[in-house]
Amino acid sequence: MNIPDFVGQVIDSAHFEFDSARFGWNHMIDRKPALIARCSSVEDVVAAVRHAARTGMKAVARCGGHSVSGASLPENGMVIDLAALNKIDVDSETLIARVGGGALLGDLDSATQAYGLAVTAGIEPETGVGGLTLGGGIGFLSRKLGLTIDNLLGAQVVLADGNLVEVNETSHPDLFWALRGGGGQFGIVTRFDFRVHPIGPEIVVGHAYYPLEKARDVMRYVRDFMHDASDDVTLVPAFMKVPPVDPFPAEWHGKLSVAIVACHVGEHALAKKELQPLLGLDDMTFGFVDSMPYLEFQKTFAGASPKGGRYYWKSIFVDDLNDDLVDIMADGIRTLPGEYTLVFMETLGGAVGRVGNQKTAFSNRTARYNLGLSAGWVDRADDDATVAASQAWFERLKPFSDGTVYLNYIDRDEGARTRKGFGPNYGRLCEVKAKYDPQGLFVGMLSAG
């Protein structure tokens, strides 16, 4: 199949690479697109969008293909693959990074850290910058720098009519608002312009692992610590199986644990003093507080959920870590199947909470935590049982939720959460969708009508 004026590679179902090219990170998503357009330039993106519009084909961008819901893999639609558009230019004088729409988080971290700079990025280096940003962007630097979208200065976007536009606070401001947390359903973003900040190159980090039986004590500590913590520090508690690798003690390999992963970007002596008490609770099995290159710390969770596994996610925003919620989290890692299953919390507040709920499309600025389940396994035969168990566990979480949800963690069966998930921003997002994509060319969770 040919696309007029398209220079890159077109892969359809007859192509020998079709099966390997269509699968993303989550191999539970087994959809078959009509074609995959591997773009070599912005002009290719324009050509692909115009072809999709002419032929009535739904289209969606793929950056890293790391969406748990398979958002970048439409059935019988067009995948506009941006992987080759991964150039990153960092201006250390103006503190602006111009990032290609196909760049990965690992690329972004490497490029910015070459100048001792950073912007909030997620915790998996293979995630696409585009997907993370358009959904909001939570990471270890969120409390210090805000969400990824809070550092977005502008973007280059291919619209549904094939026009290429610059989008920022003064040019298409309504679209700029929607791109910051509303997802990739308004256009194909071929470049992101970020404000970057001095971070590192070394920061202070902490890891502390405790037996799962200590969950209440550990999470009470997290709650009390974060109540008065400065913006410089972030704690990420994780309920997990201890990985069978060094430096974890061999006798703890595979055992259930509650861990605290800490990041502190303040002055090193003070940071070490503030994080040291993480190691002071009873019965710690492994832990340390030390300086580490920020670039290496960003790889902490790399490989924890490897590409090709089978994944199912759930998440809610929460405001308090009471014992009842902690018990449910502990039950999750204790009872849910899956070699890669993980229950975690991302601490918010700080700079995240100093932006109004309707300043961007991101739906919840007041929550103190984002709680997530990443159920992960290998055997296809376990699909139904694992998904059912995860859904039953999630029902126990609902009383702790206000209904809003982090867009990047919505799974494929959660369309009903969209309206409440976007909170007060849902109506305005639908208006922007109707304005810029009235025919619903780009796949998403909103109606254009």
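Since this is a predicted model, take the numbers as computed values, not measurements.

Caption draft 1: The arrangement of the packing of helix H10 (residues 323-335) against helix H11 (residues 383-397) in detail. Two numbers describe how H10 lies on H11: the axes approach to 10 Å, and their chain directions differ by 175°. By the angle class used here, H10 and H11 are roughly antiparallel. Across from Leu325, Ile328, Met329, Asp331 and Gly332 in H10, the residues of H11 making contact are Trp393, Arg396 and Leu397. By residue class, the composition of the contact of H10 with H11 is five nonpolar, one polar and two charged.

Caption draft 2: Focus on the packing of aromatic side chains. Within the structure shown, the criterion is met by 15 aromatic pairs. Ring geometry for Trp313 against Tyr409: centres 5.1 Å apart, planes inclined by 85°, an arrangement best described as edge-to-face. You can see Trp313 sitting in strand E16 (residues 310-318) and its partner Tyr409 sitting in the loop between H11 and helix H12 (418-421), a full 96 residues away along the chain. The pair Trp313 / Tyr409 is uniform in exposure class, with both members buried. Joined through ring pairs, the aromatic side chains of Trp25, Tyr311, Trp313, Phe317, Tyr340, Phe344, Phe362, Tyr406 and Tyr409 make up one cluster.

Caption draft 3: Local environment of the side chain of Asn26. With respect to the secondary-structure elements, Asn26 resides in the loop between helix H1 (18-22) and strand E2 (35-38). From its side chain, Asn26 meets the backbone nitrogen of Met28 in a polar contact 3.1 Å long. Engagement of the side chain of Asn26 in a polar contact is seen with the backbone oxygen of Val68, the distance being 2.8 Å. Non-local contacts of Asn26, meaning those with residues more than four positions away in its chain, are made with Ser67, Val68, Gly309, Arg310, Tyr311 and Arg412.

Caption draft 4: The arrangement of the sheet that holds strand E18 (residues 369-377) in detail. Across the sheet, which stays open at both edges, the seven strands sit in the order E15-E12-E14-E13-E17-E18-E16 with antiparallel pairing between neighbours. In this open sheet, the two strands that pair with only one neighbour each are strand E15 (286-293) and E16. With direction set aside, neighbouring strand axes in the sheet form an average angle of 15°. Sheet analysis places strand E12 (residues 202-211) next to E15, joined by eight bridges and oriented antiparallel. Along E15, the bridge assignment pairs His207 with Phe288.

Caption draft 5: Up close: the sheet that holds strand E9 (residues 164-168). Within the open sheet, the five strands sit side by side as E5-E6-E10-E8-E9. Their pairing is antiparallel. If you trace the sheet from one side to the other, it starts and ends with strand E5 (88-91) and E9, each paired once. Across the sheet, the axes of successive neighbouring strands diverge by a mean angle of 15°, strand direction being ignored. In this structure, strand E6 (residues 96-100) lies alongside strand E10 (residues 188-195), joined through five bridges in antiparallel fashion. Looking at E10, one finds that Ile96 is bridged to Arg195. Packed onto the sheet, helix H3 (residues 105-113) meets E5 and E6 and runs at close to 30° relative to E5.

Each value, and the rule that gives it
- Residues numbered from 1 in each chain as written.
- Predicted model: local features only at pLDDT ≥ 70, side-chain atom pairs only at ≥ 80, totals over all residues.
- Heavy atoms only, no water.
- Axes fitted to C-alpha atoms, helices over the stretch in contact; angles between N-to-C directions.
- Helix = DSSP H or I, 4+ residues; strand = E, 2+ residues; numbered from the N terminus.
- Parallel < 35°, antiparallel > 145°, perpendicular 65-115°, else oblique.
- Contact = heavy atoms within 4.5 Å.
- Nonpolar A, V, L, I, M, F, W, Y, C, P; charged D, E, K, R; others polar.
- Phe/Tyr/Trp six-rings, centres within 6.5 Å; stacked < 30°, edge-to-face > 60°.
- Buried < 20%, exposed > 50% of the residue type's maximum accessible area, 1.4 Å probe, protein only.
- Polar contact = N/O pair within 3.5 Å; in protein donor to acceptor, adjacent residues only side chain to side chain.
- Pairing = 2+ DSSP bridges.

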